[in-house]
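Below are the chains, spelled out letter by letter.
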Amino acid sequence: ITVCSALFGSLLLALTFVPAMANMALAKGVKPHGDDWFTSVRNVYTRMLRFVLRHRIIVVVVGLLTVIVALDSVRRIGTEFMPRLDEGSLLITTKKLPGISLSDSVEISQRIERAVLEFPEVTGVVTKLGRPDLATEAMGIYEADVYVLLKPYDEWTATKTKEELIDKMAARLEQIPGVAYNFTQPMAMRLDEVVSGIKADVALKIFGDDPHTLEQLAEQSLRVLSAVPGSADAQMEITSGAAEVRVEADRAQLARYGLNVSDVRDAIQSAVAGRPVSELIEGQRRFTVVLRLPEEFRHNPEALRDVPLSAPAGERIKLGQVAIIKASRGPELVSRENAMRRIVVQSNVRGRDLGSFAHEAQQRINEKVKLPPGYSFDWGGQFENQERAMKRLGIVIPASIVIITGLLYSTFGSLRLALLIFLNVPFALVGGIAALWLRGMNLNLSASVGFIALFGVAVLNGIVLVSYINRLRSEGLDTMEAVVRGAATRLRPVLMTALVASLGFLPMALSHSSGAEVQRPLASVVIGGLVTSTVLTLFLLPLLYPWFAPKDMESQAEQ
């Protein structure tokens, strides 16, 4: 939005303010330039251009091979949704065993805090455990978010990078058993949770009906996902394991004594939950008197089996004679998406790009995990955002190319000249791709936007050069002479355009401040692309001009 607004404002100024100021500033004429240092530069360039024109075929072949090699190398560049933004802090999400008591969960969380505080890079730790009062998050008491505050990087002593610190923290926290960890950052976690509902880079969602089958499939998938190189903090969603007392009525025994299932239900409710038996009145206040078993018996299956029942015939029997009472593990939660029961297996990615990791994980899961009928897979997390962004760019980039080509055709009235100028685009891609390789960056949304911005600057240089060569030809110059003279005359504005844009992006490319991770790929792509597109504009474009130029200009000049 900022760039588009600036371009629109500059267009208005160029059409209104600049002509008026030129009329005032140039009223007394323009003094001719003397012999300066740039004349030497222009002479060297002219000699190089004439040399290139004499070896046209070799130069064209080398240029085509360069483009082919660069485009082929894109397949091996790592991909991701967005560069990982460094927030200057960490968030460790912890999951303990379901059914853990609140006191035990707090005690383990305190052990985790003490372990994290052992690192000198940490200035403070805050743990948020369980569900808040407003229930904005469906977290049990076995889940907790550990917010880790860090010192500035120049004060770090034991480690040099955040990745190294995370690896050491993970190794230390593994000494606390029964806890699963996931390392992320506060804002990144919130964004992932809002967009995809998953607090990890890659998530495999398994949909089906039977919870036990889902757990089995999730365990298989977890083993496969953990074995993929680059996998970190791999874990599966905990859907079962909460302690409960299960009561199963024996209908045959109930029929023998003339009892109903509701009699068993009422007895359990009275013993565990309590049954109102009276009411205590104190002035204006009323208190319900509830009868139930003491705390030590309410969760004891043996004590519940001894709860007495009265049969219609007058027999006194125990609850254990007409029901099976046992301690077991039940579901902790039931997750649904689009009205379907689901379970999630998730993993972060460290030491590898997100795109290749997700591609390899998909291949391994499809090969090693066989789904029963009625069950399905779906991939989510940051990988889901990346796929959505790439599909959108698959529409935006071709549309921008078509629009640029249409504008070029309307400007020159020649499809061949429009295609000639548009050859700047693949050579601009060569420099942008080379910049990503040299700086060890992945192809992400930021870099893709940089390529789109690069198209406009690259095409602008081509317009500057071709329009002037056309003018010289219309004045009667021979095609080759017009090419050499036009390229030499337009050397200064072409270099100025490239240098101004490159220097404008240079601070972004070299920045290491907060948020610079998002800016660097965009700026690097633009600077690298301008280098190769400028070389094309100054050498290959004049070389190819005679093959693309319309022949009617010379005939019009002769007339």
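All values reported here derive from a predicted model rather than from experimental measurement.

About the criteria used
- Residues numbered from 1 in each chain as written.
- Predicted model: local features only at pLDDT ≥ 70, side-chain atom pairs only at ≥ 80, totals over all residues.
- Heavy atoms only, no water.
- Helix = DSSP H or I, 4+ residues; strand = E, 2+ residues; numbered from the N terminus.
- Rg over C-alpha atoms; globule rule 2.2 N^0.38 Å.
- Lys, Arg positive; Asp, Glu negative; His and termini not counted.
- Charge placed at Lys NZ, Arg CZ, Asp CG, Glu CD.
- Buried < 20%, exposed > 50% of the residue type's maximum accessible area, 1.4 Å probe, protein only.
- Polar contact = N/O pair within 3.5 Å; in protein donor to acceptor, adjacent residues only side chain to side chain.
- Phe/Tyr/Trp six-rings, centres within 6.5 Å; stacked < 30°, edge-to-face > 60°.
- Lys NZ or Arg CZ within 6 Å of the ring centre and 35° of its normal.
- Pairing = 2+ DSSP bridges.
- Axes fitted to C-alpha atoms, helices over the stretch in contact; angles between N-to-C directions.
- Contact = heavy atoms within 4.5 Å.
- Nonpolar A, V, L, I, M, F, W, Y, C, P; charged D, E, K, R; others polar.
- Parallel < 35°, antiparallel > 145°, perpendicular 65-115°, else oblique.
- Left-handed = near helix turned anticlockwise from the far one by under 90°.

*Asks:* Just give me the short version of the overall build of the protein chain, but keep the residues and values in it.
*Replies:* Each helix and strand counted, the protein chain has 22 helices and 15 strands in total. For 559 residues, the compact-globule formula gives about 24 Å, and the C-alpha radius of gyration of the protein chain, at 36 Å, lies well above that figure. Averaging the coordinates of the 59 positive side-chain charges in the protein chain and doing the same for the 57 negative ones gives two points 6 Å apart.

*Asks:* Give me the lowdown on helix α19 (residues 479–489), citing residues and values where you can.
*Replies:* All of the buried residues in α19 are Thr479, Ala482, Val483, Val484, Gly486, Ala487 and Ala488. By the N-cap criterion, in which a side-chain oxygen at the helix start approaches the backbone nitrogen of a residue two or three places on, α19 is capped by aspartate 478, the distance to methionine 480 being 3.1 Å.

*Asks:* Go over the packing of aromatic side chains with me, naming the residues and quoting the values.
*Replies:* Across all of its chains, the model carries two aromatic pairs by this definition. Ring geometry for tyrosine 45 against phenylalanine 539: centres 5.4 Å apart, planes inclined by 70 degrees, an arrangement best described as edge-to-face. Of this pair, tyrosine 45 sits in helix α3 (residues 37–54) while phenylalanine 539 sits in helix α21 (residues 516–548); the two residues are 494 residues apart in sequence, bridging distant segments of the chain. On the basis of relative accessibility, which here comes to 5%, the residue tyrosine 45 falls in the buried class. Lying across the ring of tyrosine 468, arginine 490 places its NZ or CZ 4.1 Å from the centre.

*Asks:* Lay out the sheet that holds strand β2 (residues 122–129) in plain terms, naming residues and giving numbers.
*Replies:* Read from one edge of the open sheet, four strands run β2-β3-β1-β4, paired in antiparallel fashion. A strand with exactly one partner marks an edge of an open sheet, and here the two such strands are β2 and β4 (180–184). Looking at each pair of strands side by side, their axes are set apart by 20 degrees on average, direction ignored. By the bridge criterion, seven bridges tie β2 to strand β3 (residues 143–150) in an arrangement that is antiparallel. Looking across to β3, one finds that valine 126 is bridged to tyrosine 147. Packed onto the sheet, helix α5 (residues 102–116) meets β1 (89–95), β2, β3 and β4 and runs at close to 165 degrees relative to β2.

*Asks:* Just give me the short version of the side chain of serine 270, but keep the residues and values in it.
*Replies:* Looking at the secondary structure, you find serine 270 in helix α10 (residues 261–273). Ignoring sequence-local partners within four residues, the contact set of serine 270 consists of Arg275, Leu291, Arg292 and Leu293.

*Asks:* Now, about the packing of helix α1 (residues 2–15) against helix α2 (residues 17–25): what can you tell me, with residues and values included?
*Replies:* Contact geometry of α1 with α2 gives a least axis separation of 3 Å together with a crossing angle of 40 degrees. Where α1 abuts α2, its residues Leu12, Leu13, Ala14 and Leu15 lie against Phe17, Val18 and Pro19. Class assignment for the residues of the contact of α1 with α2 results in seven nonpolar, no polar and no charged.

*Asks:* Which residues make up the packing of helix α17 (residues 424–438) against α21, and what values go with them?
*Replies:* Two numbers describe how α17 lies on α21: the axes approach to 6 Å, and their chain directions differ by 140 degrees. The orientation of α17 relative to α21 falls into the category oblique. Of the two elements, α17 crosses α21, and the hand of that crossing is right-handed. For the pair α17 and α21, contact is made by Asn424, Phe427, Ala428, Val430, Gly431, Gly432, Ala435 and Leu436 and by Ser524, Val525, Gly528, Gly529, Thr532, Ser533, Leu536, Thr537, Leu540 and Leu541, respectively. Across the contact of α17 with α21, the residue classes tally to nine nonpolar, nine polar and no charged.

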